[in-house]
Amino acid sequence: MSDEEPPEYERPYDEMNRWIIFGIAAVGLAVLVPILSKVKRTRGRSILSHGIFVALACVLLSPLVPEEFQDIVFSEGGVLVVGSLVPIYSSIVAVCTFGESDDEEWLCYWIINGCFTYSTEFIDTIADHVPFVANHWYEMEFFITLWLLLPWTDGSSFVYDSIFVPFLVPMMNGFNDKIGNGKKIQALILTAVNSSYLGLVWWIFMMMPEEARRFVTVVIGTVYPIIASVAALSHHEGNAETFWLTYWSCFSILFVAMDYLEELVGGIPGFYSLILVATVYLFLPMFQGANVVFRRVLVPLTGQYEAMLLRDTLMLKREMEASIPKNLVEAVKTKAAQVLLMDNNKGDDAAAAGAKKNE
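This structure is a prediction, so every number in the text was calculated from the model and none was measured. (Residues numbered from 1 in each chain as written. Predicted model: local features only at pLDDT ≥ 70, side-chain atom pairs only at ≥ 80, totals over all residues. Heavy atoms only, no water.)

(A) Structural context of the overall build of the chain. When helices and strands are tallied, the chain shows 17 helices and zero strands. Looking at the chain as a whole, 37% of its 359 residues qualify as buried. Counting only contacts in the chain whose residues sit at least 6 apart along the sequence, the fraction spanning at least 24 positions is 74%. Surface summary for the chain: the accessible area is close to 21500 Å², and the carbon and sulfur share equals 66%. (Helix = DSSP H or I, 4+ residues; strand = E, 2+ residues; numbered from the N terminus. Buried < 20%, exposed > 50% of the residue type's maximum accessible area, 1.4 Å probe, protein only. Contact = heavy atoms within 4.5 Å. Areas by Shrake-Rupley, 256 points an atom, 1.4 Å probe, with all protein chains shown as cover.)

Quick look at the structure:
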C-alpha cells in the first residue's frame, strides 16, 4: 500500500492556500492602486505598451512559468481580484476625490466591462462548440480585463474611442433621449410593480428556467445602465457620471455575490427575484439606492469617508458660486469659511442674531 495520501485529502489545504494567495494579492493591489492612479492613461494610443503587454502575456502562458502559479492566477479568484476588486476600489477612490477626469476614466472602464459581462452570459453555449474557449476561458478573461484597466494599455478607453464614440454613442444618446433620461424606464417599472401587475410579472419570471432568470437579471443590471452611462460620459454630466460610477461599484459587488452564491442557493425559488429587486433599487432615480449603499457601506469600509466629505464640500462650493451674483462671491466665500471654522454653539447664536436683525 502506498504511504501517500489520496489527492482528495490535499485539496482543502490547496484551496485554503489559494485563497490566502488571493487575499495577499488583493492587499498588494490595494497598495498599488494609488500608484497606478498617478500614471497617465494612454487611451490605448501607445503601440509600444500593447506590444509589451502581449509579450508579457506570452511569457506568463509559457512553460517557463510554473503550472501551479498559472492555475492560481488564471482562475476564478484571479479574475475576481483583477476584474472586480481593483476597479471597485479604484472607482470608490475616484468618486471620493477631487477632479472628474478619474471618474470619467473608470466610468469608461465599467461601460466596456458591462458589455463584456453581458456577452459572457453566452460563454457556456460557445464553450460547448469551441473546446479551446472552454479550456482557456480564465486566461482570456484575465488578460482581457487586465488590458482594459491598466493605464499603459488603457484598453477600455481605446474601445470606447474607437467603437462607441463613432458608432454607438449617437444611437445610445438618441435612445436615452427618447426614454426621457430614464423617466420612462422608471414609469414602466412602477407600472410593473403596481399591485395589480406584480403577481403576474413575478409569476412569469418564476416560470422561466433558472438560466433565463439569471440572464434577465444580468440584462436589466447592464443594458440600460450602459446606455445611461454612455449618455452621461458623452455629455460630460458630472453628477450623472458620479451616480453611474457608484452604481457600477455596487452592482459589481452584487454580481460577484450572485456568481458565488448561485451554486449554493441559486436553485431556491426567489433567489434571482431578490437579486433583481436589489438591482432595480440600485439604479432607479426614485430610490437612489446606489448612492445610499455607496455612502453608508462602501465608503466607510474603504476608509474614504473624510475624502468624501471634502469632495461634498467642494461640490457645495461650486453650487454656491453658481447661484449667487459674481460681485458677492468672494464676500460670501469668506463668510462661509468663517461659518465652517466657527464653534457649533457660536454658530447657532450667530444665526439667531442674524434672524433677529432681519426682523
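(B) Representation of the packing of helix H4 (residues 76-96) against helix H7 (residues 131-149) in the model. Interaxial distance between H4 and H7 falls to 9 Å at its minimum, and their mutual angle equals 20°. Relative to H7, the element H4 is oriented roughly parallel. Where H4 crosses over H7, the handedness of that crossing is left-handed. Side by side, H4 and H7 meet where Glu76, Gly78, Val79, Val82, Gly83 and Pro87 of the first sit next to Tyr138, Glu141, Phe142, Thr145, Leu146 and Leu149 of the second. (Axes fitted to C-alpha atoms, helices over the stretch in contact; angles between N-to-C directions. Parallel < 35°, antiparallel > 145°, perpendicular 65-115°, else oblique. Left-handed = near helix turned anticlockwise from the far one by under 90°.)

(C) Expanded view of the nonpolar core. Among the nonpolar cores identified, the biggest contains 62 residues, and Ile111, Tyr160 and Trp244 are the most heavily contacted of them. Of all the elements, helix H12 (residues 238-265) adds the most residues to this core, at ten residues. (Core = buried A, V, L, I, M, F, W, Y, C linked by side-chain atoms within 4.5 Å.)

(D) The arrangement of the pattern of salt bridges in detail. Using the criterion set out here, one finds six salt bridges in the structure. When the shortest N-O distance is used, the salt bridge between Arg295 and Asp312 registers 2.9 Å. Taken together, the residues Arg295 in helix H14 (residues 289-301) and Asp312 in helix H15 (residues 305-323) connect sequence positions 17 residues apart. When its relative accessible area of 30% is taken as the criterion, Arg295 is described as partly exposed. Through salt bridges with shared partners, one network takes in Arg214, Asp259 and Glu262. (Salt bridge = Lys/Arg side-chain N within 4 Å of Asp/Glu carboxyl O.)

(E) Structural context of the side chain of Glu241. Position of Glu241 relative to the elements: it lies in helix H12. Although buried, Glu241 forms no salt bridge, and the nearest oppositely charged side chain, Arg311, lies 7.1 Å from it. (Lys, Arg positive; Asp, Glu negative; His and termini not counted.)

(F) Structural detail: the environment of Gly155. Position of Gly155 relative to the elements: it lies in helix H8 (residues 155-178). With a relative accessible area of 0%, Gly155 lands in the buried category. The sequence separation of Gly155 and Cys108 amounts to 47 residues, and the corresponding C-alpha distance is 9.9 Å. With residues near it in sequence (within four places) discarded, Gly155 still touches Trp147 and Leu148.

(G) Fine view of the environment of Leu146. Mapped onto the secondary structure, Leu146 falls in helix H7. The class for Leu146 is buried, based on a relative accessible area of 19%. Each C-alpha atom of the pair Leu146 and Phe53 lies 9.5 Å from the other, and the pair is 93 residues apart in sequence. Residues within four places of Leu146 in sequence aside, it is in contact with Phe53, Val82 and Thr153.

(H) Inspection of a nonpolar patch on the surface at higher detail. Together, Phe122, Ile126, Val130 and Phe132 make up an exposed nonpolar region whose accessible area comes to about 350 Å². Mapped onto the secondary structure, Val130 falls in the loop between helix H6 (123-129) and H7. On the accessibility criterion, Val130 (34% relative accessible area) is partly exposed. (Patch = residues over 30% accessible without salt bridge, like charges linked within 9 Å, V, L, I, M, F, W, Y side chains within 5 Å.)

(I) Spatial organisation of H12. For H12, spanning 28 residues, the distance from its first C-alpha to its last is 39 Å, which sits close to the expected 40 Å at 1.5 Å a residue. Of all the bends in H12, the largest measures some 30° and sits at Asp259. (Expected span 1.5 Å × (residues − 1). Bend = angle between axes of the 7 residues up to and from the residue.)

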